[in-house]
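For reference, the chains in residue letters:
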Amino acid sequence: ETGVTQTPRHLVMGMTNKKSLKCEQHLGHNAMYWYKQSAKKPLELMFVYSLEERVENNSVPSRFSPECPNSSHLFLHLHTLQPEDSALYLCASSQGTGDMWRTNEKLFFGSGTQLSVL
Amino acid sequence: GENVEQHPSTLSVQEGDSAVIKCTYSDSASNYFPWYKQELGKGPQLIIDIRSNVGEKKDQRIAVTLNKTAKHFSLHITETQPEDSAVYFCAASPYNNNDMRFGAGTRLTVKP
């Protein structure tokens with residue numbers, strides 16, 4: 001296992017539902033990420049948190065709302081989603097050292113939540 | 001921003017043969033090039049990475065080569081085994097993880 005756990009593994013929701021995705025890392029890392037993976041498309045970075053502070057928001061619609069209560073946990077709150085939001089949502093973490101904004105760090109991914117919006 | 005193209009999208013080889021996956025990138029400032037392997041039902045896992053001050057890197061049956069002039073890099077897997085079957089992603093980054101861009105992936109199938 002990678003040390004990054006995501007729940008639930010699968011989620012089906014209607015467009016009017018509100019749901020949350022959860023990610024937990026047991027690696028002692030300080031940085032956490034949300035990625036969206038759609039079929040036959042490159043991974044898309046959605047959000048980055050460093051030491052519980054959001055440092056990146058790649059023009060993601062407001063129907064996706066992240067939350068990072070501490071450096072080990074990351075949530076993605078979902079509401080009024082569209083069918084095109086159906087995808088695999090991946091959480092990742094990296095060490096998050098003081099140099100992380102000047103260098104690349106290895107990413108450790110969870111297994112993802114497969115989301116279907118009906 | 002960076003744009004990464006990956007080819008082929010699918011690759012099928014016989015067990016024991018070699019497999020090569022190629023990627024091109026657009027931003028000449030990119031200096032970090034990781035490769036990730038994603039098995040069915042799992043998240044991507046880093047298998048090898050290379051920085052721009054190195055032209056080639058090997059780790060057992062896996063090697064990555066980088067041509068900065070041509071802005072392309074390749075993953076080479078020798079003596080392929082059925083457990084190498086997975087989707088492989090390349091990525092390129094000029095500065096840090098926020099700027100990293102991934103290729104669309106190559107589905108490798110190794111036939112026994």
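Residues numbered from 1 in each chain as written. Chains lettered and ligands numbered in written order. Predicted model: local features only at pLDDT ≥ 70, side-chain atom pairs only at ≥ 80, totals over all residues. Heavy atoms only, no water.

Engineer: Mind showing me how you'd approach the overall build of chain A here?
Structural biologist: When you go through chain A residue by residue, the secondary structure sums to 0 helices and 11 strands. If you list the helices and strands of chain A from N to C, you get β-β-β-β-β-β-β-β-β-β-β. Restricting to contacts in chain A with at least 6 residues of sequence separation, those with at least 24 account for 56%. (Helix = DSSP H or I, 4+ residues; strand = E, 2+ residues; numbered from the N terminus. Contact = heavy atoms within 4.5 Å.)

Engineer: Mind showing me how you'd approach the side chain of Asp85 of chain A here?
Structural biologist: Residue and element names in this part refer to chain A. Examined against the element boundaries, Asp85 turns out to sit in the loop between strand 8 (73–79) and strand 9 (87–94). A polar contact is formed between the side chain of Asp85 and the side chain of Arg63, at a distance of 2.7 Å. Side-chain polar atoms of Asp85 contact the backbone nitrogen of Gln82, separated by 2.7 Å. Dropping the residues within four chain positions of it, Asp85 is found in contact with Lys36, Arg63, Phe64, Leu115 and Val117. (Polar contact = N/O pair within 3.5 Å; in protein donor to acceptor, adjacent residues only side chain to side chain.)

Engineer: Could you clarify how one ought to interpret the nonpolar core in this entry?
Structural biologist: Most often, soluble globular proteins keep nonpolar side chains buried together rather than apart. If you look at the biggest cluster of nonpolar residues, it comprises 23 residues, and the most contacted ones within it are Trp35, Phe73, Leu75 and Leu108 of chain B. Counting residues in each nonpolar core, the second largest holds 22 residues, with Val4, Val60, Leu76 and Cys91 of chain A among its members. (Core = buried A, V, L, I, M, F, W, Y, C linked by side-chain atoms within 4.5 Å. Buried < 20%, exposed > 50% of the residue type's maximum accessible area, 1.4 Å probe, protein only.)

Engineer: Would you mind going over the interface of chain B and chain A with me for this structure?
Structural biologist: Size of an interface: often given as the accessible area lost when the parts come together. Each partner contributes residues to the interface: chain B has 21 residues there, and chain A has 26 residues. Here chain B meets chain A over a buried area of about 1,800 Å², counting both sides, of which 48% is carbon and sulfur. The largest contributions to the chain B side of the interface with chain A come from Asn97, Asn98 and Phe102 of chain B, which together make up 34% of the buried area. Our count for the contact surface shared by chain B and chain A stands at 3 residue pairs in polar contact (both at pLDDT 80 or more). Of all the secondary-structure elements, those providing two or more residues to the side of chain B that touches chain A are strand 4 (32–38) and strand 5 (45–51) of chain B. Residues belonging to the side of chain B that touches chain A are distributed by class as follows: 9 nonpolar, 9 polar and 3 charged. (Buried area = accessible area lost by both parts, 1.4 Å probe. Nonpolar A, V, L, I, M, F, W, Y, C, P; charged D, E, K, R; others polar.)

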